[in-house]
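Residue strings, one per chain:
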Number of protein chains: 2
Amino acid sequence: MINWKNSDELKSFNDLFALKDQVKLAEVMEGANGAERVKKYSVPMSIGLSYNYAAKQVDDTVLAALSKFAEEAQLIEKFEALYNGEVINTGEKRLVLHQLTRGQLGSDVIAEGVNKRDFYVEQQNKIADFANKVHNGEITNEKGEKFTTAVQIGIGGSDLGPRAMYLALENWAKSNGKFFMDAKFISNVDPDDATAVLNSVDVSRSIFILVSKSGTTLETLTNEAFVKDALKKAGLDASKHMIAVTSETSPLAKSSDYLAAFFMDDYIGGRYSSTSAVGGAVLSLAFGPDVFARFLDGAAAEDKNATNKELTKNPAMLDALIGVYERNVLGYESTAVLPYSQALSRFPAHLQQLDMESNGKSVNRFGDKVNYVTGPVIFGEPGTNGQHSFYQLLHQGTNIIPLQFIGFKNNQTGNDVDIQGSTSQQKLCANVAAQIMAFACGKKDENANKNFEGGRPSSIIVGDKLTPEVLGALLAHFENKVMFQGFAWNLNSFDQEGVQLGKTLAKKVLAGDTQDALKAYSELLEI
Amino acid sequence: MINWKNSDELKSFNDLFALKDQVKLAEVMEGANGAERVKKYSVPMSIGLSYNYAAKQVDDTVLAALSKFAEEAQLIEKFEALYNGEVINTGEKRLVLHQLTRGQLGSDVIAEGVNKRDFYVEQQNKIADFANKVHNGEITNEKGEKFTTAVQIGIGGSDLGPRAMYLALENWAKSNGKFFMDAKFISNVDPDDATAVLNSVDVSRSIFILVSKSGTTLETLTNEAFVKDALKKAGLDASKHMIAVTSETSPLAKSSDYLAAFFMDDYIGGRYSSTSAVGGAVLSLAFGPDVFARFLDGAAAEDKNATNKELTKNPAMLDALIGVYERNVLGYESTAVLPYSQALSRFPAHLQQLDMESNGKSVNRFGDKVNYVTGPVIFGEPGTNGQHSFYQLLHQGTNIIPLQFIGFKNNQTGNDVDIQGSTSQQKLCANVAAQIMAFACGKKDENANKNFEGGRPSSIIVGDKLTPEVLGALLAHFENKVMFQGFAWNLNSFDQEGVQLGKTLAKKVLAGDTQDALKAYSELLEI
C-alpha cells in the first residue's frame, strides 16, 4: 500500500537536516581520500555509462540517510505503480506510460481495451514502414522526387526533445552512414521563425511533420497554416507534403490533409515524448528506423536500472535524492547542466523543460500547498564554451550552484587532430576533469581576487561515445531522475497547469476583450 | 571625488530593506491602478524603444529610495570616470573603453600616446574597406572566386556576442537586401564542432576570422590548427583564407599567416567586444559595413541615455537598481531573459555571459569579501517557446524569478499570415502582454492546482522592429545595466579571475602532471 505523503511528513526527510554540515567537500576531495572517493562514489549505468558523484557533498552517512528516505517515501513502489499502469497523473486523471514506448518493466497495461505496449510498438512499426518508403522512393513528392528534408512543426515537448535528440545524433549519423535527411524545426509563433526555416529549405522536397497531441495548440496550428500557405504559393499540394503525429481522438487524426498520421496518447506527456511517435517520426526520417530503435533500446536499458531498490545501485534515484538534499537541506536554488559535447548543445534546454515543467510546483499531488522548496532552476550550455562565459559566477559568485557534467571519452565523428601533444578530444576531457576539481577544492591565493573557496559540488556522467543507445540511456536517466524527485516531493510531475492562464489571457487580448492593465499593455505593443 | 564603497557601507542601501514589503504587486496591478502604472512606469530609450517597469515591485517610494542610493553610490560619477578613461578595471589595471568603439561620451581618451576613439574608428574603417573589397571581388580566394561564407573562430566573448548579433540580424538582412555572406561559428574545443562546421561549408569559398585578444586562447588556437589542417588537405593556402582580430601586441598581429589583421586592445573586455573589431569583422562581412555602422549608432545613442543623472530617465541605471533591489532586498537569485522574437534566440546566452561573468563575484574591487549577494543567475529562451517549457516553474514554482521580457510591434521579415482573425505577430504580442499580467496578478481558483498567486515581477522593453540600430541600443542597455550593478555592488565587473584555475588544472592534466582525485578523474575519462 502506497502512502502519498509530503516530504516533511516523513521522519527520514526531517532527519536529513541534521546532516547539513556533514561533508566539507573541499577537504574530502583533497589527496588520496579524494582519489578514493572518485573510485568509490560511482554507479554503473547502462551502455557503458557511469554516474560519478564523488564531488557531491555526500558520504556514507548522508547516503544511508538518503536511502532511508527513499524507502520511507516508497520511491520504488511508486515507480512500480507508475509502470504497472496506475493513475499517477492525478491532476489530469491519466496513466503515465512513456516508459512503455521503449520497453516493458512490469505487467501488461491495458487501457480502453488496448494493450498499450502493443499500441506504441504498432506506431513505431508504422513510422518505420513509412520512413523506409520515403527513403527508398516509394513515397515521394508530386513529381516523384525523393524528399530531402523533414520539417517538424511543434512547440514545447513536440520541439525541444526531438530537436535536442536530432542535434545530438546528426554528426554521428553523418559519420556512420546513417544520415538520410536533414531535419528542421518550426516552433515559435513569431512569423520570422517559419519564414526563416521555409527560406532555408526546398519546400517541394520537404515533408512536414505536424506534432500536436490535442490537435489544438495555437502556435502549431498557426504555423501549419503558415506552411500550407507557403506550399500553396509554391503550387504544391499540401496534403502530399504533410504527416501528423497526434492522439487518435484529435481532429487531425482522420483528416485527409495528411499523407499519414501516427499516434501517441494522453498517457505520454509532451516533455516525456521523445521516445514516442513525437520523436520517432522525425528521427526515423532523418536517421532511419534502426537508429531510432537503438535509441529506444538505450532508454529501455536505463529504465531497468531505475527499478533497482538499492539506492547506490540506482543512478536515477541517487541523482534525484542528492538533488533533493541539495535543494532542501543545503538550500541551493539552481542546477547547471554542462555537457562537454557540442552535440548536446540543446540537451540542457530539453532538461530545462523536463525538470522545470515537471517539478516547478507549489502544491502536492492532492492540490495542497507544500511547505518546502521543490524543483530548481535548470540552465546550461556545452563545455568548454561555458567556461569562457558564466563559469565565473559558478566559481566565485555569492551563491552555490550544483553542477551536472556529462563527458565522453571519444568524439562522435572520429575526426580529430593532434596539436601540441594532445588531441582536441583530450583537451576537452582534460578541461572537464580540471573543472570538477577546481569547483570542489578551489585554491588558496593571497590575492582574494584569485582565491577560489571551492566547496562547489558536481557530478559527472561519463560515457564512451555519444551513440544512439547512449543518448537513449541519458534521456531516460534524466526522465527517471525528475520522476523520483517528484515522488520525493509528493508532486504530480505530469501536469502543467502553470501554462494555462497565459493562454486564456492571450485569447482575451486577441479578441479585444481586455481591460485595465492588460489593455494598457496591448496598446503599448499596438496589438 | 569618488568613494568606492561597498553597498552595505551606504545608508541609502541599508534603508532599502525597510521597503521589502512596500509593493503588493498582485494588488497594485489590478484595475485602473494597474493601467495607470503601465502608462506611468515607462522610460523612453533610444531608437523608439521603451523600458516599462510597471510590473516590477516598485512605486514612487521605492524609486525615491533607489534614487538616493544611485546618488550616494555615485553611479553616474563612476560611469563618467569610466568613459573619461580612468583605470576602472582595477584588478587588471586597465581602462574600460568599449563605449568608445561606438561614440564618445566625454573627453578624449589618450592611452600609450594614442587617441583611443581614433584607434577604434580606424579599425572600423579598415574592416569596412576589407569587407567592401571582399563583397566587390577585389579580395577573393586563390582561384579568383568570391568568398561566400565567413567563419568566426573564437570562444566566450569572441563567440557569444557576435553569434547572437548575427542571428539577430540574419533574417532582417535577408529581407532588406543587406545580406552578403553566411556566417558560421566554431567555438568549442570538441573536435566535432569544427568538423560539423567545416562539413557544412565550401572551404574553398570561406574566409576564416580568427578572434583572440591575447592570441593565446587554447580552444581558439586549437581550432585554428584544425581549420588550417582542413584547408591544407583541400589543397588550399590557409593564409589566403584567414584574417585575425587580435590586439596589436599579440603574436598574431604581424603574422604572415593572415590576409589582414584588425585590432582591439586590452581596454575592451571579451564580453563587451561586440561593437569592436570582434563583432565588426564578421558582421561587416555578413551584412556590409553600413549595417554594422547602424548597429554602432544604436549603441551610441543608448549609451547617451545612460549618462542621465535622473534615475527615472536613465533606463539602464533604473533596470540595474531594480535588479539590486530584487537581489539584495527581495532575495531573488535568478533572472530570466525572455525575448518574444526568434531572432533573439541566442541573446539570452550572450547576456548570460555578460552578466554572470561581470558580476558573479564575491570580492569587491579591492579584493575584500563582500557581505551581500551579487550577480544573479541569468537564463532564458525566446517566447512563445519558453511558455511551453519552463514557464510552469516561473508561474507556480516555490521560488520567485524576476523576468525581463523584450517585445516588438512588428516582425523583421514583413512576412506574415492572418489566421483566425489575427496575424502571427499579433499572437506573439498578445502572448507577451498576457504573460506579464498572469505573472503579476495571477488568478484565484478553488482548485489549488489551477491557482496562480501572482506577485511575480517582470519588466518589458518594447520596440517597433528589431533593426540594426535597435539591436545596438538593446546591447548597450544591458552592458550599461551590468556596469551600474557592478558599481552599486562595488565590484570590478571587468575581470574574470574565476576562469583561470580551470585552465591551469587542465594544462596539468594534459601534461600528465596530476595526482590524487584529478588523476582519478583523468583515468575515468581515459585522457
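These numbers come from a predicted model, not from an experiment.

## Overview of a negative patch on the surface
Part 1 of the argument: Judged by side-chain charge, Asp 108, Asp 118, Glu 122 and Glu 248 of chain A come together as a negatively charged surface patch.
Part 2 of the argument: Inspection of the secondary structure puts Glu 122 of chain A in helix α6 (residues 116-135).

## Quick word on unusual backbone geometry
Part 1 of the argument: Here Gly 383 of chain A and Thr 384 of chain A are connected by a cis peptide whose omega angle stands at 10 degrees.
Part 2 of the argument: Considering the arrangement of structural elements, one finds Thr 384 of chain A in the loop between β11 (377-379) and α14 (391-396).
Part 3 of the argument: Residues other than glycine seldom take positive phi values, yet Glu 112 of chain B does so here, at roughly 50 degrees.
Part 4 of the argument: As for its position among the elements, Glu 112 of chain B is in the loop between β3 (110-111) and β4 (114-115).
Part 5 of the argument: On the basis of relative accessibility, which here comes to 64%, the residue Glu 112 of chain B falls in the exposed class.
Part 6 of the argument: Not every positive phi belongs to a glycine, and Asp 516 of chain B is a case in point at roughly 55 degrees.
Part 7 of the argument: Tracing the sequence through the fold places Asp 516 of chain B in helix α18 (residues 516-524).

## Concerning the nonpolar core
Part 1 of the argument: In terms of nonpolar packing, the biggest core is built from 367 residues, with Met 29 and Phe 484 of chain A together with Met 29 and Phe 484 of chain B touching the most fellow members.
Part 2 of the argument: If near-sequence neighbours (up to four positions away) are discounted, Met 29 of chain A is found in contact with Gly 34, Arg 37, Val 38, Ala 54, Ala 55, Met 437, Ala 440 and Cys 441 of chain A together with Ala 517 and Tyr 521 of chain B.

## A closer look at the domain arrangement of chain A
Residues and elements named next belong to chain A.
Part 1 of the argument: As assigned here, chain A comprises domain 1 (25-86 + 306-411 + 418-495), domain 2 (100-293) and domain 3 (497-527).
Part 2 of the argument: On a C-alpha basis, the centroid separation for the pair domain 1 and domain 2 is 31 Å.
Part 3 of the argument: For the pair domain 1 and domain 2, the summed buried surface comes to about 2100 Å²; carbon and sulfur atoms form 64% of the total.
Part 4 of the argument: A per-residue breakdown of the area domain 1 buries against domain 2 is headed by Gln 353, Pro 468 and Glu 479, which together make up 24% of the total.

## Observations concerning the interface of chain A and chain B
Part 1 of the argument: Listed per partner, the contact involves 132 residues of chain A and 132 residues of chain B.
Part 2 of the argument: Of the roughly 11200 Å² buried between chain A and chain B on both sides combined, carbon and sulfur atoms contribute 62%.
Part 3 of the argument: Considering only the side of chain A, the residues that lose the most area to chain B are His 388, Tyr 521 and Leu 525 of chain A, jointly responsible for 7% of the buried surface there.
Part 4 of the argument: Salt-bridge contacts for Lys 450 of chain B lead to Glu 497 of chain A; the nearest nitrogen and oxygen are separated by 3.2 Å.
Part 5 of the argument: Where chain A packs against chain B, one counts 55 residue pairs in polar contact (both at pLDDT 80 or more).
Part 6 of the argument: Here the side of chain A that touches chain B gets 15 residues from one element, more than from any other, and that element is helix α15 (residues 424-441) of chain A.

## Points about the sheet that holds strand β11 (residues 377-379) of chain B
All names here are of chain B.
Part 1 of the argument: Taken together, 6 strands build an open sheet; the order of strands is β1-β2-β15-β12-β10-β11 and the sheet is mixed. Of all the strands in the sheet, just β1 (42-44) and β11 have a single pairing partner and so form its edges. Strand-to-strand, the axes of this sheet are offset by a mean angle of 15 degrees, without reference to chain direction.
Part 2 of the argument: Bridging between strand β12 (residues 403-408) and strand β15 (residues 458-463) involves 6 bridges; their strand directions are parallel.

Calculation notes
Residues numbered from 1 in each chain as written. Chains lettered and ligands numbered in written order. Predicted model: local features only at pLDDT ≥ 70, side-chain atom pairs only at ≥ 80, totals over all residues. Heavy atoms only, no water. Patch = residues over 30% accessible without salt bridge, like charges linked within 9 Å, V, L, I, M, F, W, Y side chains within 5 Å. Areas by Shrake-Rupley, 256 points an atom, 1.4 Å probe, with all protein chains shown as cover. Salt bridge = Lys/Arg side-chain N within 4 Å of Asp/Glu carboxyl O. Lys, Arg positive; Asp, Glu negative; His and termini not counted. Charge placed at Lys NZ, Arg CZ, Asp CG, Glu CD. Helix = DSSP H or I, 4+ residues; strand = E, 2+ residues; numbered from the N terminus. Buried < 20%, exposed > 50% of the residue type's maximum accessible area, 1.4 Å probe, protein only. Core = buried A, V, L, I, M, F, W, Y, C linked by side-chain atoms within 4.5 Å. Contact = heavy atoms within 4.5 Å. Domains from an automatic or database assignment. Buried area = accessible area lost by both parts, 1.4 Å probe. Polar contact = N/O pair within 3.5 Å; in protein donor to acceptor, adjacent residues only side chain to side chain. Pairing = 2+ DSSP bridges. Axes fitted to C-alpha atoms, helices over the stretch in contact; angles between N-to-C directions.

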